[in-house]
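# Notes for the structure review
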2 protein chains.
Amino acid sequence: MNKKDFANAIRFLSLDAVEKAKSGHPGAPMGMADIAYVLWKKFLQHNPKNPNWINRDRFVLSNGHGSMLLYSLLHLTGYDVSIDDIKNFRQLNSITPGHPECDITPGVETTTGPLGQGLANAVGMAIAEKSLAAEFNTKNHNLIDHYTYVFSGDGCLMEGISHEVCSLAGTLGLNKLIVIYDMNNISIDGDTSIAFTENIKKRFDSYGWNVIDNINGHDHKSIEQSISRAKRERSKPTIICMKTKIGFGSPNKEGTSGVHGAPLGSAEAELTRENLKWNYKPFEIPKYIYKEWSAIKSGSTLETKWNKRLKSYKKIHPKLYSELQRRLNNKLPSSLTKKIDALISSNDKSMATRKSSQVVLENIGPLLPELIGGSADLKESNLVFWPESKPFSKKDPSGKYIHYGVREFGMCAINNGVYLHGGFRPYASTFLIFSEYAKNAIRMSALMHLPVINVFTHDSIGLGEDGPTHQAIEQLTSLRIIPGMSVWRPADVTETAMSWKSCLDKIDGPSSLVLTRQSLPELYRSKIQIGYIKKGGYVLQDCNKEVDVILISSGSEVHLCVDAANKLKHDGLEVRVVSIPCLEEFLSQSKSYRNSVIPDNFDNIIAVEAGIGVCWDILIGKKGAKITMDSFGVSAPGDVAMKHFGFTTSNVIKQTKKLIKKNG
Amino acid sequence: MNKKDFANAIRFLSLDAVEKAKSGHPGAPMGMADIAYVLWKKFLQHNPKNPNWINRDRFVLSNGHGSMLLYSLLHLTGYDVSIDDIKNFRQLNSITPGHPECDITPGVETTTGPLGQGLANAVGMAIAEKSLAAEFNTKNHNLIDHYTYVFSGDGCLMEGISHEVCSLAGTLGLNKLIVIYDMNNISIDGDTSIAFTENIKKRFDSYGWNVIDNINGHDHKSIEQSISRAKRERSKPTIICMKTKIGFGSPNKEGTSGVHGAPLGSAEAELTRENLKWNYKPFEIPKYIYKEWSAIKSGSTLETKWNKRLKSYKKIHPKLYSELQRRLNNKLPSSLTKKIDALISSNDKSMATRKSSQVVLENIGPLLPELIGGSADLKESNLVFWPESKPFSKKDPSGKYIHYGVREFGMCAINNGVYLHGGFRPYASTFLIFSEYAKNAIRMSALMHLPVINVFTHDSIGLGEDGPTHQAIEQLTSLRIIPGMSVWRPADVTETAMSWKSCLDKIDGPSSLVLTRQSLPELYRSKIQIGYIKKGGYVLQDCNKEVDVILISSGSEVHLCVDAANKLKHDGLEVRVVSIPCLEEFLSQSKSYRNSVIPDNFDNIIAVEAGIGVCWDILIGKKGAKITMDSFGVSAPGDVAMKHFGFTTSNVIKQTKKLIKKNG
């Protein structure tokens, strides 16, 4: 028995899986195997037989390309990841895909690969832990009390998002966040000195972190001591800089970029076996190694102890207990629907939909303590706070309003982590245009099926004077085409309330609310029509006789269509107005419902939306028309900008007549 | 005469313009007026009557919402920005839009507003200066020798991109980059302490910058001394932290977030006049102030002197001179076309289009010293280097290959700055999926009409095992819908070469090359067909008889269509295959050309592309069909993933027959 073999088990599972798949990244697993062994063996509080235990320590592999490190750990410690799963690494329908995916593999906390985001998710998890603890822990019941550990490589720390979230983590004093930086000095292009010479100690010091520097990442004792030190820190997050050798153990490739992202090759694999004295065949792990690694018993003991605490908590704090259960099970309070219905029937004022959204939040916010979120430094513009909401801060982690700072990407990736932790429905907000800064985090919400909510205000050229740098043109489409994303662009208070409701009701993926800066009047709808809003599209205003033209639209432009339809009636034209607050939802309805709104063989259809119009082609076909944008906006007052680009009643009327003339 | 009035002129031009527009950001111009006065009066080398003088100092207002600061400076120093232009601030068709736009206003170096990117552009300008100097300066002729100054607020430094580009600027030792940080401790949401507590001095120190801390931004002498110190630095970029009061001079709003982004209101404007003893009406600037500010004479003297140097340079180094002229005038060498033609006729190998692109670069790279760029740490994957290309570094700024590190957003925004400087055609590369990390910088290229080139490889599920985090699905569409962006997705070496040619020929906007990881065979084309590639779409394979079905496709899927067409012939079906490497280009062709490729009233059209298919609806209409993606990808070998989602010859055949059956 060789004590080094416990870490070597990771090295060879990884090396052999990559070898078999002829694809993958052996470098990081081989380099970080010793650290992983010490962390998982000596520190990580988890239960392999219940990966969803709420009080487990979270482990995030931010350098997700090292997925075999994580799969090896899950396999060795007793999760439902078998040796056959390992052998199927990177194959179709396996639970061991190229990068870790949290909705596929038990024990994977978050989907990583896009660099820097795992770290951001971990910051979110640490925020969630602190917030949930502040809300539910009592003097004698420390129910929520765990650490969040992150493995991070150079790549993650080069990405801008690492700056955003680590700076914020320092401000928020997330002391139970422990990042282990794999300082191997090798990036894909070679030695990191060619592009990455910053002093990590100073950098994290500047963020107000506890920095533990210069640890030998292959010396178990040093690793253990450093993590112990990190756990004792009471007010700052910790980063431990561990020096490692990428591809540790490979006689010819260790310490080179050649071992980062390609199989070692059978000859070098053999040499590595000899070098590390690993006398086992591929995928063969001797029993004593499994025994050493297994966390099944210890995990069960841990959770059993915790369950006892929970039982006592239930007895003493029955209300808190049932609220916690509701939150962890992601159930909305039953009072929500009533509140929204009341709100709809009581409102008839003109207001911007961003303001409508705030009215909704003022009503539902107090009912939903699971709502946590805020804005990327646009609080008074995005209007996602309500009177009772107070800031989440180092001093007071019981607040639920997060001042993310001007950090859109960090914000959205943090929110993914908050949701993944459990207990919350996070929301983020910024101007629609700056959804682009957060683009890949928004995509990751969809890929992970996380029901986070984005509130994107200032949704078109209608925002006016700030001009083309701030006016969303292609962003609506860009969000709509993300698989699994629901984009709601409501036209007034009623649609905004129903949109918020739909976002909250959806639990298998993200939603985006797209809201105006400018004021909009309230439209009349029957109760039946209100019920149809959730279908994403419905007949808002119909005609008595046969339909001549259908105008389809969303958000602020719906009002133009209604106005045009009323005026066209005087010209003897029968116009149906269809409001489509959520195109994706509408397209997912039954064919018969869709046909009842827009008949299949109907030609005279005009789509009106102040954005790129490509998404509407499927509804209007080759014979319809569009009043949409095909250029960037302009700096001018909102109504002037709208007029400049043809978003006026008179232009809708003109284009309608033109289309009828054309189609005959 | 009050010496403070020189700075106050900026304050009141800004305040009054915002007041008149009833919209805008007075806080930053009022806070930074003193710094601006000292910098522009004592340091900035520029010529208002020739904003394009290549050796001018560059001034970047990264906090672009303070646009009135810049417009005031341009107006006062003598650029073609009149007092009427100032009065038209934020109005339709004015040259003083809400945020500075470089294609609209003389003297505006770059379009800013999206925070952090101005700073990144400036890093690009500093790289361009260093590179151009290394290439063209001679022992006795210091032709290119200027500074790049940046004004930056808290917002820019919170954004992740600031980390990416400042870390890189430190590594590259860009000593002629001088950033002035407006340290006013106020962000939109209030005191910066709520979200931004990092120690800027330590942070920039960690990047290897020269940090000049704790300067009073209202004390002209301190400001002057600090900038002088910065200019003397020989190996590091400098950041000067200047303490200022936002909205300086407003008795009730100075130092508060209330003055950031809204007019002061007429009462407070009046009080500010009294407080600063400014006895002039709105937009009234006394002559002595204009006289003090004017840089027309000094600017003319500067450029005249430089022109003398240039004249002598021309005499002594005629070849260098004419090459510099070619580069500054953005003319491609005449040898380029011949080289590309030769390349096309000589090739018949199967290879991945990323490899084809490298073959093109190997051929054209040596002809184009204006090509500068690289990859975000994916050199061996993106293949955008060629044998002669050597790295740009602190030690050797004559290299043209930039190791950007894992910094996609920084890379693309830096490249915008490199182009804006003049003398270069920058290119950037990463995996297509990670274009999302750089999204808004890519949009800014289009908004500014900059012909930068993006090389995005690993373009679909075809990349295989890396899985859904790395497989582009919606990104092709997301790029295509950016106004002014040309997205080229070639199918083989010939199309790749022609695509590169089209990207280089285009000088009014950006292009993106979207390339495969996997190998593709070379297709046969006649000379006429090759000539049509630049039209974005053309008939690649036609039928002898009447067309039954048209298959339209791009990139790797074109090969499936050709294969299917050949097999369908055996079933008696006549199939035309249309290759559309650039949809936007194709859609911009004359109606008659488009009709010759895809007849207007033809129904049986199938689009085949391994991505979200929404862009094809306009061509296929309601009666056509699509073989495209509507979900995320999977981790599996590339060919298995392709098969899994129906990208096979047999499925194209099946769907073709189905469509014919349906349409009759």
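Keep in mind the model is a prediction, meaning the values are calculated, not measured.

### Some remarks on the overall build of chain A
The helix and strand inventory of chain A stands at 27 helices and 20 strands. Taking the principal axes of its C-alpha atoms as reference, chain A extends roughly 90 × 60 × 45 Å. Looking at the 664 residues of chain A, the share that counts as buried comes to 68%. Across chain A, every contact between residues at least 6 apart in sequence was considered, and the portion connecting residues at least 24 apart equals 77%. Summed over all atoms, the accessible surface of chain A reaches about 22000 Å², with 50% contributed by carbon and sulfur. Averaging the locations of the 81 positively and 68 negatively charged side chains of chain A gives two centres separated by 6 Å.

### Some remarks on the confidence of the model for chain A
For chain A, the mean per-residue pLDDT works out to 97, and 100% of the residues sit at or above 70. Taken together, the chains of this predicted complex give a pTM of 0.98 and an interface ipTM of 0.98.

### A word on the side chain of E268 of chain A
Residue and element names in this part refer to chain A. Note that E268 resides in helix α10 (residues 266–275). One buried charged side chain, E268, makes no salt bridge at all; its nearest oppositely charged neighbour is K253, positioned 6.4 Å away. If near-sequence neighbours (up to four positions away) are discounted, E268 is found in contact with S250, P251, N252 and K253.

### Some points on the domain arrangement of chain A
When its domains are assigned, chain A resolves into domain 1 (4–300), domain 2 (335–520) and domain 3 (533–663). The centre of domain 1 of chain A, based on its C-alpha atoms, is set 52 Å off from the matching centre of domain 3 of chain A.

### A look at the pairing of strand β19 (residues 605–612) of chain A
Residue and element names in this part refer to chain A. In terms of burial, β19 is largely enclosed, as eight of its eight residues are buried. Looking at chain direction, strand β17 (residues 549–553) and β19 are connected through four bridges and run parallel. Across the sheet, the residue bridging to I550 is I605, located in β19. Sheet analysis places β19 next to strand β20 (residues 625–629), joined by four bridges and oriented parallel.

### Quick notes on the packing of helix α14 (residues 335–346) of chain B against helix α15 (residues 353–364) of chain B
Residues and elements named next belong to chain B. The contact between α14 and α15 brings their axes to 10 Å, and the two run at 140°. In terms of their interaxial angle, α14 and α15 are classed as oblique. For the pair α14 and α15, the crossing hand works out as right-handed. Where α14 abuts α15, its residues L336, K339, I340 and L343 lie against V359, V360, N363 and I364. Looking at the contact of α14 with α15 residue by residue, the class counts come to six nonpolar, one polar and one charged.

### Description of the state of the cysteines
Here the structure, examined in full by the defined rule, presents zero disulfides over all chains. Of the cysteine sulfurs around C241 of chain A, a residue in no disulfide, the closest is that of C166 of chain A, at 11 Å. Assessed through its relative accessible area of 0%, C241 of chain A is described here as buried. The thiol of C166 of chain B is unpaired, and the distance to the nearest cysteine sulfur, on C156 of chain B, comes to 9.7 Å. Its relative accessible area of 0% is what places C166 of chain B among the buried residues.

### Describing unusual backbone geometry
Within the chain, K277 of chain A stands out as a residue other than glycine whose phi angle is a positive 55°. Structurally, the position occupied by K277 of chain A is in the loop between α10 and α11 (287–293). At K22 of chain B, a position not held by glycine, the phi torsion is positive, near 55°.

### Overview of helix α13 (residues 318–328) of chain B
Two residues of an α-helix separated by three or four positions point the same way, owing to the 3.6 residues in each turn. Residues and elements named next belong to chain B. When we look at burial in α13, the residues that qualify are Y321, L324, R326 and R327. Along its buried surface, α13 packs onto α5 (117–136) and α12 (296–316). Immediately beyond the C-terminal end of α13, within one or two residues, lies N330, with a positive phi of roughly 60°.

### Some remarks on the sheet that holds strand β14 (residues 511–514) of chain A
Backbone hydrogen bonds hold the strands of a sheet together, and the pairing may be parallel or antiparallel. All names here are of chain A. Spatial ordering of the open sheet is given by β10-β9-β11-β12-β14-β13, a layout of six strands whose pairing is parallel. For this open sheet the edge positions go to β10 (401–403) and β13 (486–488), each flanked by a neighbour on one side alone. For this sheet, the mean angle separating the axes of adjacent strands, direction not counted, is 20°. Relative to β10, strand β9 (residues 371–375) runs parallel, the two being bridged by three bridges. Across the sheet, the residue bridging to G373 is Y401, located in β10.

### Observations concerning the relation of the copies chain B and chain A
Turning one copy of the chain about an axis and sliding it along that axis gives the other copy, so a rotation and a shift relate them. Of the transformation superimposing chain B on chain A, the axial component is 0.0 Å and the angular component is 180°, with the fit at an RMSD of 0.0 Å. Classification of the inter-copy transformation places it as that of a two-fold axis. Among all residues of chain B, the minimum C-alpha distance to the rotation axis is found for G160 of chain B, at 1.8 Å. In this assembly the copies share their binding face: 99% of the residues contributing to the interface of chain B also contribute to that of chain A.

### Examining the environment of N185 of chain B
Residues and elements named next belong to chain B. For N185, the position within the fold is in the loop between β3 (177–183) and β4 (186–187). C-alpha separation for the pair N185 and F196, spaced eleven residues apart in sequence, amounts to 9.0 Å. Residues within four places of N185 in sequence aside, it is in contact with D154, G190, D191 and T192.

### Some points on the pattern of salt bridges
In total, this model carries 69 salt bridges over all chains according to the counting rule given. Ionic pairing is found between K390 of chain B and D396 of chain B, a salt bridge with its closest N-O pair at 3.0 Å. The class of K390 of chain B is partly exposed, set by a relative accessible area of 39%. Here the salt bridges share partners, and the residues they tie into one network are E135, E323, R326, R327, E370 and K400 of chain A.

### Examining the packing of aromatic side chains
Each aromatic ring pair is characterised by the separation of its centres together with the angle its planes make. Residues and elements named next belong to chain A. One pass over the structure, following the stated rule, counts 36 aromatic pairs over all chains. With 5.6 Å between their ring centres and 25° between their planes, F6 and Y37 make a pair best called stacked. Here Y37 lies in helix α2 (residues 27–43) and F6 lies in helix α1 (residues 5–21), a separation of 31 residues in the sequence. An identical accessibility class is assigned to F6 and Y37; each is buried. Ring-pair connections join several aromatic residues into one group, and the members of that group are F6, Y37, Y288 and W293. Between K379 and the ring centre of Y401, over which it is positioned, the NZ or CZ distance is 5.2 Å.

Reading the values: rules and limits
Residues numbered from 1 in each chain as written. Chains lettered and ligands numbered in written order. Predicted model: local features only at pLDDT ≥ 70, side-chain atom pairs only at ≥ 80, totals over all residues. Heavy atoms only, no water. Helix = DSSP H or I, 4+ residues; strand = E, 2+ residues; numbered from the N terminus. Buried < 20%, exposed > 50% of the residue type's maximum accessible area, 1.4 Å probe, protein only. Contact = heavy atoms within 4.5 Å. Areas by Shrake-Rupley, 256 points an atom, 1.4 Å probe, with all protein chains shown as cover. Lys, Arg positive; Asp, Glu negative; His and termini not counted. Charge placed at Lys NZ, Arg CZ, Asp CG, Glu CD. pLDDT = per-residue confidence, 0-100. Salt bridge = Lys/Arg side-chain N within 4 Å of Asp/Glu carboxyl O. Domains from an automatic or database assignment. Pairing = 2+ DSSP bridges. Axes fitted to C-alpha atoms, helices over the stretch in contact; angles between N-to-C directions. Parallel < 35°, antiparallel > 145°, perpendicular 65-115°, else oblique. Left-handed = near helix turned anticlockwise from the far one by under 90°. Nonpolar A, V, L, I, M, F, W, Y, C, P; charged D, E, K, R; others polar. Disulfide = S-S within 2.5 Å. Least-squares fit on C-alpha atoms with pLDDT ≥ 70 in both. Phe/Tyr/Trp six-rings, centres within 6.5 Å; stacked < 30°, edge-to-face > 60°. Lys NZ or Arg CZ within 6 Å of the ring centre and 35° of its normal.

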